[in-house]
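Below are the chains, spelled out letter by letter.
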Amino acid sequence: MFTATLTVDLLLGDVHSLKGKRSLVRPLVADLRRSFEVAAAETGHLDLHRRAEVAVAVVAPDAARCTDVLDRCERLVASHPEFQILSARRQFLSSDDD
């Protein structure tokens, strides 16, 4: 069994308040959850109105499946023109790791 996470650091476009930020980030998180059956949440830069960090976690029987799901999640985030991806980090953990 493998667990993998994707953490995406985002720069938001024309946003001037935390309320405006939330109106963009919440639908993205909901779309990730609904489309790929993953755990997703806004995890960083909570007090900055033009930055966001979104994390996604997936559990699968093999690393290839985790990679596939995270690839699709990253493409979904990249497809939103209101976000610019500054960085994307992945981490994998196997049940065999001690």
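Below, the structure is looked at part by part. Note that the structure is predicted; figures quoted are calculated from it, not measured. (Residues numbered from 1 in each chain as written. Predicted model: local features only at pLDDT ≥ 70, side-chain atom pairs only at ≥ 80, totals over all residues. Heavy atoms only, no water.)

## So, unusual backbone geometry
Threshold: The helix and strand labels rest on DSSP assignments: H or I over at least four residues marks a helix, E over at least two residues marks a strand, and numbering proceeds from the N terminus. The rule is simple: take the accessible area with a 1.4 Å probe, protein chains only, and divide by the maximum for that residue type; under 20% is buried, over 50% is exposed, in between is partly exposed.
A positive phi angle is found at Glu37, which is not glycine, with a value near 55°. Within the secondary structure layout, Glu37 lies in the loop between helix 1 (18–36) and strand 2 (39–44). Take Glu37: its relative accessible area is 75%, and that puts it in the exposed class. Although it is not a glycine, His45 adopts a positive phi angle of roughly 55°.

## Overview of the pattern of salt bridges
Rules: Salt bridge, as applied in this entry: a Lys or Arg side-chain nitrogen positioned within 4 Å of an Asp or Glu carboxyl oxygen.
Applying the stated criterion to the full structure yields 8 salt bridges. Among the ionic pairs, Arg34 bridges to Asp31, the shortest N-O distance being 3.3 Å. Of this pair, Arg34 and Asp31 are both found in helix 1, 3 residues apart, which corresponds to roughly one turn of the helix. Given the relative accessible area of 58%, Arg34 is considered exposed. Arg90 serves as the salt-bridge partner of Glu74, at 2.9 Å between the closest nitrogen and oxygen. Of the two residues, Glu74 is situated in helix 2 (residues 63–78) and Arg90 in strand 4 (residues 83–94); the sequence distance between them amounts to 16 residues. In this structure Arg90 comes out as partly exposed when scored by relative accessible area, which is 32%. Through salt bridges with shared partners, a single network forms among Arg65, Asp68 and Arg72.

## Description of the sheet that holds strand 4
Where we set the bar: When DSSP finds two or more bridges between a pair of strands, those strands are recorded as paired. Helix axes are fitted to C-alpha atoms over the stretch in contact, other axes to C-alpha atoms as well, and angles between N-to-C directions run from 0 to 180 degrees. We call two residues contacting when some pair of their heavy atoms lies within 4.5 Å.
Taking strand neighbours across the sheet as the criterion, the 4 strands line up as 2-3-1-4 in an open arrangement whose pairing is antiparallel. The sheet is open, and its two edges are formed by strand 2 and strand 4, each paired on a single side. Adjacent strand axes in the sheet meet at a mean angle of 20° when their direction is disregarded. Where strand 1 (residues 2–12) meets strand 4, 11 bridges bridge the pair, whose relative direction is antiparallel. Residue pairing in the sheet places Leu11 in a bridge with Gln84 of strand 4. The sheet strands contacting helix 1 are strand 1, strand 2, strand 3 (51–60) and strand 4, and the helix crosses strand 2 at an angle near 150°. The sheet strands contacting helix 2 are strand 1, strand 3 and strand 4, and the helix crosses strand 4 at an angle near 165°.

## Focus on the packing of helix 1 against helix 2
Helix-helix packing is described using two parameters, namely the angle between the two axes and the distance between the axes. The cut-off we apply is this: Here a crossing is taken to be left-handed if its near helix is turned anticlockwise relative to the far helix by less than a right angle, and right-handed if that turn runs clockwise. All amino acids are sorted into three groups, where Ala, Val, Leu, Ile, Met, Phe, Trp, Tyr, Cys and Pro are nonpolar, Asp, Glu, Lys and Arg are charged, and the leftover types, Gly among them, are polar.
Interaxial distance between helix 1 and helix 2 falls to 11 Å at its minimum, and their mutual angle equals 145°. Our pair here, helix 1 against helix 2, has a crossing hand that is right-handed. Along the contact surface, helix 1 presents Leu28, Asp31, Leu32 and Phe36, while helix 2 presents Val69, Arg72, Cys73, Leu76 and Val77. A class-by-class count of the residues in the contact of helix 1 with helix 2 yields 7 nonpolar, no polar and 2 charged.

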